[in-house]
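Architecture and fold: a report
The lines below spell out each chain.
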Amino acid sequence: MKRIAVLTSGGDAPGMNAAIRAVVRTGIDRGWDVYGVHHGYKGLMTGDFHLLGARDVGGIIQLGGTVLGSARAPEFKTADGRREALRELNQRGIEALVVIGGNGSQTGAYELHQLGFPVVGIGSTIDNDLFGADITIGVDTALNIALEAIDRLKVTASSHQRAFLVETMGRNSGYLALMAGIAGGAEAVVLPEFKTEPELLADEIRQAYERGKAHAIIVVAEGASLDANELAHYFAEHEEKLGFSLRVTQLGHVQRGGMPGAFDRTLATRLGAKAVACLDAGDSGVIAVQRAGEITTVTHEDAVGKPKPLDAELYELARVLAK
Ligand code: F6P
């Protein structure tokens, strides 16, 4: 192996820069040239490549986002798009690619692998929805940002005896909402994986009010079948059911933009090093992930597009702890 490239794709996640740095420096350590591809698959198709030295990735480990830039690139889903990408890679004599990203990005990586181009992925998404990975890059930081917001909302909620619907990101996964709800001491969580009846939710909040609670925090995952706006609409129409008056806060992209914490920096660094070790060993079609406390891999074939189940016991625990 002489020459590899690395890109970040999909939603940026805190820790992506630490992964880029690790790929570049462990690649250089092996005597390889490492190219950074700007703006994900978009840059792969248009030839936006830059040779990276060890100094180019200095001072980035603590930065959120991705210094390589990211993009959603629907064109890459077409056969023409992938052909363009392969042409750009081959023209530069690049022999393998590292793709840092979540489910959608790893689906693209799998396509390249199936076309015979060596690719290793690194599991990175705040959604924590990558099958085969216990926790992906960015989850811990995003969770801490959501928690800080919930802690602050509790202060103002208690002052006014209000309920807050707090919407977290996560796409179709309820992981962020569930864990933020448990760690934030929420009164209820509303998740895509479990059905919530608005009447029953209103009853629970009413009971919390009658038990003398000063506030009620309801953490709602953006992918829940009833999102925060729909629930707010329902509660506005049945205000008497709740006890508390209601406000809505959508955390949105705030959760993605933070500086990575120690957990994400070290996870990303170890996964970056693992991805390069995989390429060195001649592996392709695998994603570097953390599972059962180990830095290991899952194949693209096993991981992509597969729903990752949410722990029903944790959901039940969240309900019990809300008493
Ligand atoms: O996949 C990460 C994520 O932040 C999801 O939680 C969210 O649904 C989506 O990306 C938002 O995408 P965009 O940044 O393109 O609006």
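Because the structure is a prediction, the values reported are computed rather than measured. (Residues numbered from 1 in each chain as written. Predicted model: local features only at pLDDT ≥ 70, side-chain atom pairs only at ≥ 80, totals over all residues. Heavy atoms only, no water.)

A separate point is the site of the ligand. Taken together, Arg72, Ile126, Asp127, Met169, Gly170, Arg171, Glu222, His253 and Arg256 form the complete shell of residues around the ligand. In the model, an oxygen atom of the ligand is placed 3.0 Å from a nitrogen or oxygen of the Gly170 main chain. Interatomic distance of 2.8 Å between a side-chain N/O atom of Arg256 and an oxygen atom of the ligand. Within the shell around the ligand, the residues separate by chemical class into two nonpolar, two polar and five charged. Looking at which domains feed residues into the shell around the ligand, each of domain 1 (3-138 + 260-303) and domain 2 (140-256) gives three or more. (Near = heavy atom within 4 Å. Polar contact = N/O pair within 3.5 Å; in protein donor to acceptor, adjacent residues only side chain to side chain. Nonpolar A, V, L, I, M, F, W, Y, C, P; charged D, E, K, R; others polar. Domains from an automatic or database assignment.)

This part covers the domain arrangement of the protein. Domain assignment breaks the protein into domain 1 (3-138 + 260-303) and domain 2 (140-256). For domain 1 and domain 2, the distance between their C-alpha centres works out to 34 Å. Domain 1 puts 14 residues into the contact, and the matching count from domain 2 is ten residues. Considering only the surface of domain 1 that becomes buried against domain 2, Asp12, Ile126 and Asp127 emerge as the three largest contributors, covering 43% of it. Counting across the interface, domain 1 meets domain 2 through two salt bridges. One salt bridge in this structure joins Arg171 and Asp127, with 3.8 Å as the shortest N-O distance. Applying the counting rule to domain 1 against domain 2 returns seven residue pairs in polar contact (both at pLDDT 80 or more). Looking at the side of domain 1 that touches domain 2 residue by residue, the classes come out as five nonpolar, four polar and five charged. (Contact = heavy atoms within 4.5 Å. Buried area = accessible area lost by both parts, 1.4 Å probe. Salt bridge = Lys/Arg side-chain N within 4 Å of Asp/Glu carboxyl O.)

What follows concerns the packing of helix 5 (residues 139-160) against helix 6 (residues 175-183). Put simply, helix 5 and helix 6 touch, their axes get as near as 9 Å, and they point 50° apart. Considered as vectors, helix 5 and helix 6 are oriented oblique to each other. Read as a crossing pair, helix 5 and helix 6 show a hand that is right-handed. Note on element contacts: helix 6 touches helix 5 through Tyr175, Leu176, Met179, Ala180 and Ala183, opposite Val139, Ala142, Leu143, Ala146, Leu147 and Ile150. Residue composition of the contact of helix 5 with helix 6, grouped by class: eleven nonpolar, no polar and no charged. (Axes fitted to C-alpha atoms, helices over the stretch in contact; angles between N-to-C directions. Helix = DSSP H or I, 4+ residues; strand = E, 2+ residues; numbered from the N terminus. Parallel < 35°, antiparallel > 145°, perpendicular 65-115°, else oblique. Left-handed = near helix turned anticlockwise from the far one by under 90°.)

Enumeration over the complete set of coordinates arrives at four aromatic pairs. Plain terms: the ring middles of Phe194 and Tyr315 are 4.1 Å apart, the flat faces sit at 5° to each other, and that makes the pair stacked. In this pair, Phe194 is assigned in the loop between strand 7 (188-190) and helix 7 (198-210) and Tyr315 in helix 11 (residues 312-321), connecting sequence segments 121 residues apart. Judged by its relative accessible area of 19%, Tyr315 is buried. Judged by centre distance (5.0 Å) and plane angle (80°), the ring pair of Tyr209 and Phe244 falls under edge-to-face. Within this pair, whereas Tyr209 is found in helix 7, its partner Phe244 is found in the loop between helix 8 (228-237) and strand 9 (245-250), the two being separated by 35 residues in sequence. Taking the ring centre of Phe131 as reference, the NZ or CZ of Lys306 above it sits at 4.8 Å. (Phe/Tyr/Trp six-rings, centres within 6.5 Å; stacked < 30°, edge-to-face > 60°. Buried < 20%, exposed > 50% of the residue type's maximum accessible area, 1.4 Å probe, protein only. Lys NZ or Arg CZ within 6 Å of the ring centre and 35° of its normal.)

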